[in-house]
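Summary of the model geometry
Single-letter residue listing:
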Amino acid sequence: MKRGKAIAVLLAVSLGAAACSSASTTATTAATSASSASSAAGGSAAASAGASTTGGGTATGPTTAATHKKGGEITIANVGGQTWSCQFNPFNPAVFQESVGFVYEPLVFVNILKDQAETPMLASSYKWSSDKKSIVFDIRQGVKWSDGQAFTAKDVAFTFNLLKKFPGTDLYSLWTGAGLQSAVAAGSQVTLKFAGPASSYFFSFANQTPMVPEHIFGGSGPGAAHPDTWADPNPVGTGPFTVSPCSANNIQYLANPTYWQTGKPYIQKVQYPAYLDNGPANLDLANGKAQWGSQFIPSIKTFYLAKSPDNHTWSPPVSNVALYPNLDPSHAATSKLAVRQAIAAAIDRSQVALIGEGGQQPAANQTGVVLPTFQKYYDAAAVTASGYDKPDTAKATSLLASAGYSPANPLKLSVITVTGYTDWDASLAVIKQQLAPIGINITVSDLAQQSYNSKLYTGDFDLAYYGDVGGPTPYQELRGVMYSKNTAPIGKSATTNFERYINPAVDKLFDAYPAADEATQTSIVKQLGAAMIKDVPIIPMTESVDWFQYNTKDIDGWPTPDNPYAQPAAFTVPDAGQLLANIYSKSAQ
């Protein structure tokens, strides 16, 4: 189960609690003009043209001409659970999945599936100061808003200053958490200054913050009075599509005729019906009525893949779903290390992945490093040495006995989960079955989302089953899980460290990360993985994926394992814009 709309919100919470959270260095680019737009056949443009690293590499701008003819239409089947509100404010987490990437764009696209490879977007290049406290963006020239007005550096500075003036728009707590001090335009450049080294926040301000027009969101524009709550029913952006029209049952997007990437988008029309539940959406995908899906499909081989040789799926892992034991001393059992070690040793994660998630999510590992997405941060030898690379019932039984429990004197624990998350229910059924033989009896408590959230945030649980959010490196997810400033006393609302893990030595690792070079950052993540093995603050079960189903009968250029130019789920922003700008209709060629 993926909860896409929660992702950015939780990232924001995590960052905000950070000044205290979350991915770069010097990067200069071969700035390119709008006329030298990106492309590449098969949707490889973003990946090939955007070769760069945020660790100090060079971002290379789009260099090749468009290669496909325009034409064609697609339909998206991504369940929102409600009809459309026809609001497109990119600062409203409830609706920005329908606007960011489609209509609004960031300065730089950062691809977490390609080791943070960068594609310059509205910034053609940038350069950090030596102390990483300021960054200068060269703003792309020749770009127009979809209403015909010119996009300028002033719009960029305005956007960042809007986040300060209206804190409700600062979804990543750039001013209050990341230490942003000023955003100033001069000519075609914009300079952001921070209180401290800020490269760790690059993903949030360069990739996750959409640029908005000053003439709409400021001055006497219609969104000026309340840019945080304004509906923005007719969004004006720089992106590949415009909205026309929108109803409660469907959003239709039309190709932006003045898009700055010459020749793109290839697809000329996008239909985005509102689906209230998975059933109709899955049927539309299976019968070919919809070509782009982003949800869990039970028995996907028989229900979807077998229906057509043109039906495909590829859902890359990006974060973890885990058991969260309550570490507060008031929870005598789960706060004991031996109990947590016993649970981690007893469970066969491959069976949880196979049965609970139908094999569509990989088994996780105890370091919390998601594979193969973040392979370079993974210490396989440490996992093998710990014994958590495979289930060990005898070891688990012995560990539990050392804590005073056995099959004859069982430990009774409850685990909270969200009602309706059928894959989680199936996973917990496997976990319950596997823990019983060693002497742990699990009671599953299915809760409505609001009740679940309340208990999770305030620490009112023995165990919680929860899927955390990821980021451009494992640092972001592990920081949410393990940084003490993200937690709170029992009864108070924690931002992300729901299990209440506190380790000063681990905090020092998180604090050292932002100013460290790339090699040191990689080493720090491996040390965090070692702490996950040693202290078992949470117990990862499966790797949460970017759900993706796609049909190639007429549409091609989709991201694939061999060409992962963007995260492929429709709910992932701004990646959806990369996909929409690169897919094309075969019949139109």
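Look up: the structure comes first, before these words.
Description of the structure in this document. Here, residues in each chain are numbered from 1, in the same order as that chain's written sequence. Thresholds applied to this predicted model are a pLDDT of at least 70 for local features of residues and 80 or more for the giving and counting of side-chain atom pairs; totals over whole chains, interfaces and linings are not thresholded and use all residues. The basis for the side-chain values is all heavy atoms of the structure; hydrogens and waters are excluded.

**Things to note about the packing of aromatic side chains**
To keep things clear, this is the line we draw: Two rings belonging to Phe, Tyr or Trp (six-membered ring only in the last case) form a pair when the distance between their centres is within 6.5 Å. Interplanar angles under 30 degrees mark stacking, angles over 60 mark edge-to-face geometry, and anything in between is tilted. Secondary structure follows DSSP: runs of H or I at least 4 residues long count as helices, runs of E at least 2 residues long count as strands, and numbering of each begins at the N terminus. Exposure classes here rest on a 1.4 Å probe applied to the protein chains alone. A residue is buried below 20% of its type maximum, exposed above 50%, and partly exposed in between. The rule is short: NZ of Lys or CZ of Arg within 6 Å of the ring centre and within 35 degrees of the ring normal puts a charge over the ring.
Across all of its chains, the model carries 30 aromatic pairs by this definition. Considering the side-chain rings of Phe202 and Phe205, the 5.7 Å spacing of their centres and the 75° angle between planes classify their relative orientation as edge-to-face. Of the two residues, Phe202 and Phe205 both sit in helix 4 (residues 202-207), three residues apart, roughly one turn of that helix. Per residue, the accessibility class of Phe202 equals that of Phe205, and both read buried. Ring centres of Trp424 and Tyr465 lie 5.4 Å apart, and the angle between their planes is 85°; on these two criteria the pair is classed as edge-to-face. Placement of Trp424 in helix 12 (residues 422-435) and of Tyr465 in strand 16 (residues 463-467) is noted, with a sequence separation of 41 residues between them. A relative accessible area of 0% places Tyr465 in the buried class. A connected cluster of aromatic rings, assembled from ring pairs, spans Tyr126, Trp128, Phe137, Phe194, Phe202 and Phe205. Against the face of Phe303 rests Lys307, its NZ or CZ located 4.8 Å from the ring centre. Positioned over the ring face of Tyr388 is Lys395, at 5.3 Å from the centre of the ring.

**Comments concerning the environment of Phe109**
Short version of the rule: Throughout, a residue-residue contact means that at least one pair of heavy atoms, one from each residue, lies within 4.5 Å.
As for its placement among the helices and strands, Phe109 is situated in strand 2 (residues 108-111). With relative accessibility at 1%, the residue Phe109 sits in the buried group. Separated by 457 residues in the primary sequence, Phe109 and Ala566 have C-alpha atoms spaced 9.1 Å apart. Excluding residues that lie within four positions of it along the chain, Phe109 makes contacts with Ala117, Glu118, Thr119, Met121, Asn207, Tyr565, Ala566, Pro574, Asp575 and Gln578.

**So, the state of the cysteines**
We count it as follows: Here, a disulfide means two cysteine sulfur atoms that sit within 2.5 Å of each other.
Inspection of every chain in the model, using the stated rule, returns one disulfide. Covalently, Cys86 is tied to Cys246 through a disulfide, its sulfur atoms 2.0 Å apart. On the sign convention where negative is left-handed, the bridge of Cys86 and Cys246, at about -90° about the S-S bond, is left-handed. Linking Cys86 in the loop between strand 1 (73-77) and strand 2 with Cys246 in strand 8 (residues 241-246), this pair joins segments that are 160 residues apart in sequence. Classification of Cys86 as buried rests on a relative accessible area of 19%. Among the residues examined, Cys246 registers a relative accessible area of 22% and is labelled partly exposed.

**Side note on the packing of helix 14 (residues 474-482) against helix 15 (residues 504-512)**
Which entries qualify depends on this criterion: Note on geometry: axes are C-alpha line fits, over the in-contact stretch for helices, and angles between N-to-C directions span 0 to 180 degrees. Take the far helix as your reference; a near helix turned counterclockwise from it by less than a right angle gives a left-handed crossing, and one turned clockwise gives a right-handed crossing. Amino acids outside the nonpolar list (Ala, Val, Leu, Ile, Met, Phe, Trp, Tyr, Cys, Pro) and the charged list (Asp, Glu, Lys, Arg) are all regarded as polar, and Gly is one of them.
At a closest axis distance of 11 Å, the pairing of helix 14 and helix 15 adopts a crossing angle of 145°. Considering how the two elements wind past one another, helix 14 and helix 15 form a crossing that is left-handed. In contact with Tyr475, Leu478, Arg479 and Met482 of helix 14, helix 15 contributes Val506, Asp507 and Phe510. Among the residues forming the contact of helix 14 with helix 15, the class breakdown is five nonpolar, no polar and two charged.

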